[in-house]
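Fold and contact review
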Amino acid sequence: MAFNLTRRKFLQTASLVAAAVPLSKVAYAQPGVAKVSLEPKGTMGDTTVVGGLCEMCFWRCQLIGKVRDGQLMKLEGNPKSIDNGTSICARGNAGVKLLYDVDRLKYPLKNVGQRGAPIWKRISWQEALDECGSKLKAIVEKHGPQGICVFPHGASAKYPMHYFERTVGTHNVSEASFFQCRGIRDVAYVATTGKAPGEFVDMANTKVIFLIGSHLGENIHVSHIKAYIKGLQNGAKLVVADPRYSAAAAKSDIWVQIKPGTDTAYLLAIMNYLVTNKKYDKKFVAEHTAGFDKFSAAISEWTLDKAAKECDIPAAQIKEVAELLAANAPHVAIHPGRHVSWYGNDFQRERALACLTGILGAYYVKGGWVPPKNPKLGKTSWAQQEHGDEHNLNVSHDKKVHPFNPPGTPTELIRDCAISGKPYPIKGCVIWGQNPMQTIPNQEKMKQVFKAMDFVMCVDVMPTDATMWADILLPESSYLERHDEIKAGTGRIKADDKEPTQFIAPRMPLVAPMFERKDQVYITNEIAKRMGHAKDIPVQTLEELVDKTLATANITLASVKAEGGIHLQPGQSGYGVPEDFMVQLFSEEIAAAGFPGAPTYIAIEEVPAGFARLLYGRAPVHTFNRSQNNVWLNQQMPDNPVWLNDEVAAKIGLKDGDIVGFINSEGVRSRTTTTVKVTPGIRKDAVYMYHGYGSANPLMSTGVGKGVDDTSLITKIAIDPESGCHGMRNNFVKLTKDGKVLDIPA
Amino acid sequence: MPKSATNQHIASLYHFLAQCMHYPDPQWMNEDFFNILYQLLETLGAASEGKEIENTLAQSSDPIEELQIEYTRLFINGFPHVVAPPYASVYMDQSIQGGFALKTLNFYRAKGFLMEESADLPDNLIHELEFLSLLAEEADFEGEEEFLSTLFRPWYKQFCPRVAQETRHPFYRMVVTLIDSFTKEEEEDGFQLNKA
Ligand code: SF4
């Protein structure tokens, strides 16, 4: 360029230039740097800010932030916490890197290109909100509230979700945490015991920890892992059923290397053994269960031998597990699991776990399932309004399609309706904190949904594989920059305290939001005003929302802050079975709905010749796809090697570290490749990888293309009939190397 | 320190360059602005670059929107990849608001300046140019040199070629090159090409 001068020469001409050109006539913006009239201060020093609540995962560990000049330097566990204490996990620490991620969304963006291939333009909040409000309003006017579907996730999505569900009036809301994760567990336990089970197993005080597929240690939630470790230190026996030698299996006393999908058969055989050998808790069964006779009859076919054959494990091992449980009952922790949407037969497995806990009498006893008595807090949100079931896709001819669905509408019903336009058009899509491209199976189908829309809006902190499909993309303040979510729980101040203590920890910002990021109350309210719902707005600010909720416990944000970010109050022990507590071993309600009244094993599709079943799970340093762009976490675990059985590897000529891709049984190839981890620690008929890698969005400059996106290979859809939730482990893959497809030998 | 006309002129050039890096908006990016820009380029012997910008703008049905889209792609959230966020920390710490931003802020402070409430992060290119403008106004040449060599050039020389090479609009190629010329020491090595 002609003016590629040096500074010195430039300066020599500066006077000439400035004198000749009326630079002062430009309409300058107000400068951001200004002279201080007082003596300039040095650094403002370090401060400790209390009230943080982690959301690198959903466990909500309590945090403090070390802040220097408004910049968050470090996160630590809040010393006042009686939950996680001063500990936080790797992901919790790496929250700093989410906060300051270069790729984070900063301003409202409008897509002036195409969905899926966006061209972004920064726009003002005013314009963004006007566009969202008017587009959504037009859809409601033309198609009714059911014309909008919502995919929410996380603490910030609750308020907008309630707005769209309760005030606007659409049933078409699908939360990934329910329909692709724990919903089945909750509804199965509710149908069996009347209560969602959480992970309320008293592992610290138990004699046996019994896990089905839960890979604690790779799956880390601080206080939960602390209780698990304490239990093991106290001598609890650990029984782990897993096709893979997981971190938990590595610590186990009995590792049941079960054939994937057959867990219910294993559970039925254990229960049948306990019943036939009269090793169950007769008193508990008599007082707190219903349908024992029908239940016993229904499971009687499940002999040890039959289950051994079905599950591909030794009969003697099933017996050994059953004996161990019987010998230690009722102080046994039958873990309900968390991510349980596996095979499309999962409601029955979760029922079986609830029933097994019942016949062992392991509810409300030391070492068993013990729900904590948490502080009672009121709820503040949009008021409930009646919208009828006429447009509820889960109701057909006055009958529920999936009678035991978690709150919201099963995802597949929404997607089918959006794509087909039947029974009615769905034309608006609101995505809030969820990444449906990497949480919901069959990505092509999700793309079809987006393409069928008149309008798609996304709210998130980061770009994701879903934000590429938005028309308007709004930047949200992260969990470190806003109030919201209140974690209320129970713990012990000192380990040997007789009585527990309750805690209430409302989230408080550790630093101010940067750029133009806004919180969910602001965004939702502004859209609500534009959609004609100004009079229904329940609170003006997020702070007000939290304060109103805290008022129900006679505390305020200010008082909790003064207490160090966590309010403590006396609690009560959760031991002691409530008189009216009942376990439906045989459920007349489930039978009346047309499903097996006793827990029943439903076999799943066998692995076709030449393929392996694709299994996935959590990495200890990642929370699914949400953390794949985090620089620190990416350094810890940059990709997700595929676990391959050593004998299989030898037969197909693969060795540890080889680079491979995938092709699934429906012909879908992985976009990227990963390395092979050759190990005897996985069955021959399965491969395993960590979930949440291989983003397709180049806007995630750290995570894009690293490892393989397992969800892209989950194209076959299984639906759990009782709950309508997805099963995501019924997909089969072959490996590819250098363009060659490698058959997996039997 | 004495305030000479030259200082003022240098200060106003920095200020003008800072303004060029604001998000395009017809409020300031109007006919007057472009006329001043063309005059400036002509005085610098870069009339043809001015013409190129003028032609590009004339060809567009909505030239400001085109610049907004390009600004977003280059500096905010581009697709497939944001080209060059205008923050020092991104290049020095691989982070927004990293240690380098704090160092920059401390430099401002030591010189008796602070950030306004409404300001972006201290290591934003705009604010660094504003700061340089203020130093020039005070004729604090030493401070200016020190800031340029320790806090500005180390990142700017990575930032500039990214933009110059990747941009699809002559306006931004011109602006970053102009800033480069205005801040580059003679003896400084040619910059490393650092592809985004
Ligand atoms: S377990 Fe880790 S990521 Fe989850 S809330 Fe606690 S510190 Fe955060």
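Residues numbered from 1 in each chain as written. Chains lettered and ligands numbered in written order. Predicted model: local features only at pLDDT ≥ 70, side-chain atom pairs only at ≥ 80, totals over all residues. Heavy atoms only, no water.

1. A short note on empty space enclosed by the protein
Over the atoms a probe the size of a water molecule is rolled, and this reveals where empty space is left. Residues and elements named next belong to chain A. Applying the stated criterion to the full structure yields two cavities of 30 Å³ or more. Quantified by volume, the largest cavity comes out at close to 60 Å³. Taken together, Cys 54, Cys 57, Trp 59, Arg 60, Cys 61, Ile 88, Cys 89, Arg 91, Gly 92, Ile 220, His 221 and Val 222 make up the full set of residues lining the largest cavity. In this structure, the lining of the largest cavity is formed jointly by two domains, domain 1 (46-99) and domain 2 (181-359), each of which donates at least three residues. Empty space within the second largest cavity amounts to approximately 30 Å³. Phe 58, Cys 181, His 221, Arg 338, His 339, Arg 618 and Phe 624 are the residues that line the second largest cavity. By residue class, the composition of the lining of the second largest cavity is three nonpolar, two polar and two charged. (1 Å grid on protein atoms, 1.4 Å probe; cavity = no way out; pocket = protein on both sides within 12 Å on 5 of 7 lines; lining within 4 Å. Points joined across faces, edges and corners; volume = space filled by probe spheres on them. Domains from an automatic or database assignment. Nonpolar A, V, L, I, M, F, W, Y, C, P; charged D, E, K, R; others polar.)

2. A few points about the pattern of salt bridges
All names here are of chain A. On inspection of all chains with the given rule, the structure shows 56 salt bridges over all chains. In this structure, Glu 287 engages Lys 283 in a salt bridge whose closest nitrogen and oxygen atoms are separated by 3.5 Å. Of this pair, Glu 287 and Lys 283 both sit in helix α10 (residues 282-288), four residues apart, which is roughly one turn of the helix. For Lys 283, a relative accessible area of 56% translates into the label exposed. (Salt bridge = Lys/Arg side-chain N within 4 Å of Asp/Glu carboxyl O. Helix = DSSP H or I, 4+ residues; strand = E, 2+ residues; numbered from the N terminus. Buried < 20%, exposed > 50% of the residue type's maximum accessible area, 1.4 Å probe, protein only.)

3. Looking at the domain arrangement of chain A
Residues and elements named next belong to chain A. As far as domains go, chain A holds domain 1 (46-99), domain 2 (181-359) and domain 3 (612-742). Here the C-alpha centre of domain 3 lies 27 Å away from the C-alpha centre of domain 2. Residue-level contacts link 27 residues of domain 2 with 28 residues of domain 3. A per-residue breakdown of the area domain 2 buries against domain 3 is headed by Glu 218, Arg 244 and Tyr 343, which together make up 25% of the total. On inspection of domain 2 and its partner domain 3, the count reaches one salt bridge. Our count for the contact surface shared by domain 2 and domain 3 stands at 16 residue pairs in polar contact (both at pLDDT 80 or more). (Contact = heavy atoms within 4.5 Å. Buried area = accessible area lost by both parts, 1.4 Å probe. Polar contact = N/O pair within 3.5 Å; in protein donor to acceptor, adjacent residues only side chain to side chain.)

4. Remarks on the packing of aromatic side chains
Residues and elements named next belong to chain A. In the structure shown here, the tally under the stated rule is 49 aromatic pairs over all chains. One Lys or Arg, Lys 518, reaches over the ring of Tyr 522 and ends 4.9 Å from the middle of that ring. The cationic tip of Lys 734 hangs over the ring face of Phe 611; the distance from NZ or CZ to the ring centre is 4.6 Å. (Phe/Tyr/Trp six-rings, centres within 6.5 Å; stacked < 30°, edge-to-face > 60°. Lys NZ or Arg CZ within 6 Å of the ring centre and 35° of its normal.)

5. Some details on the site of the ligand
Residues and elements named next belong to chain A. Lining the immediate surroundings of the ligand are 13 residues, of which Cys 54, Cys 57, Arg 60, Cys 61 and Cys 89 lie closest. Applying the majority rule of atoms within 2 Å of the grid points places the ligand in the largest cavity. When its residues are assigned to classes, the shell around the ligand shows nine nonpolar, two polar and two charged. Of the residues that make up the shell around the ligand, three or more belong to each of domain 1 (46-99) and domain 2 (181-359). (Near = heavy atom within 4 Å. Sits in = over half its atoms within 2 Å of the grid points.)

6. Considering the interface of chain B and chain A
Taken together, the contact between chain B and chain A spans 78 residues of the former and 69 residues of the latter. For the pair chain B and chain A, the summed buried area comes to about 6300 Å², and 65% of that belongs to carbon and sulfur atoms. At the boundary of chain B with chain A, the tally comes to three salt bridges. Viewed at the interface, chain A and chain B are joined by 18 residue pairs in polar contact (both at pLDDT 80 or more). In terms of residue count, the dominant contributor to the side of chain B that touches chain A is helix α1 (residues 5-20) of chain B (nine residues). A per-class count over the side of chain B that touches chain A returns 36 nonpolar, 26 polar and 16 charged. Here strand β1 (residues 33-35) of chain A pairs with strand β1 (residues 113-115) of chain B via three bridges, running antiparallel. Bridged to Ala 34 of chain A within β1 of chain B is Leu 114 of chain B. (Pairing = 2+ DSSP bridges.)

7. Digging into the packing of α1 of chain B against helix α2 (residues 31-43) of chain B
Packed helix pairs are specified by the crossing angle of their axes together with the interaxial distance, meaning the distance between the axes. Residues and elements named next belong to chain B. The interhelical angle for the contact between α1 and α2, taken along N-to-C directions, is 125 degrees, at an axis separation of 13 Å. Here α2 runs oblique to α1, going by the angle between their axes. The two elements α1 and α2 meet at a crossing, and its hand is left-handed. Along the contact surface, α1 presents Leu 13, Phe 16 and Cys 20, while α2 presents Phe 33, Ile 36, Leu 37 and Leu 40. (Axes fitted to C-alpha atoms, helices over the stretch in contact; angles between N-to-C directions. Parallel < 35°, antiparallel > 145°, perpendicular 65-115°, else oblique. Left-handed = near helix turned anticlockwise from the far one by under 90°.)

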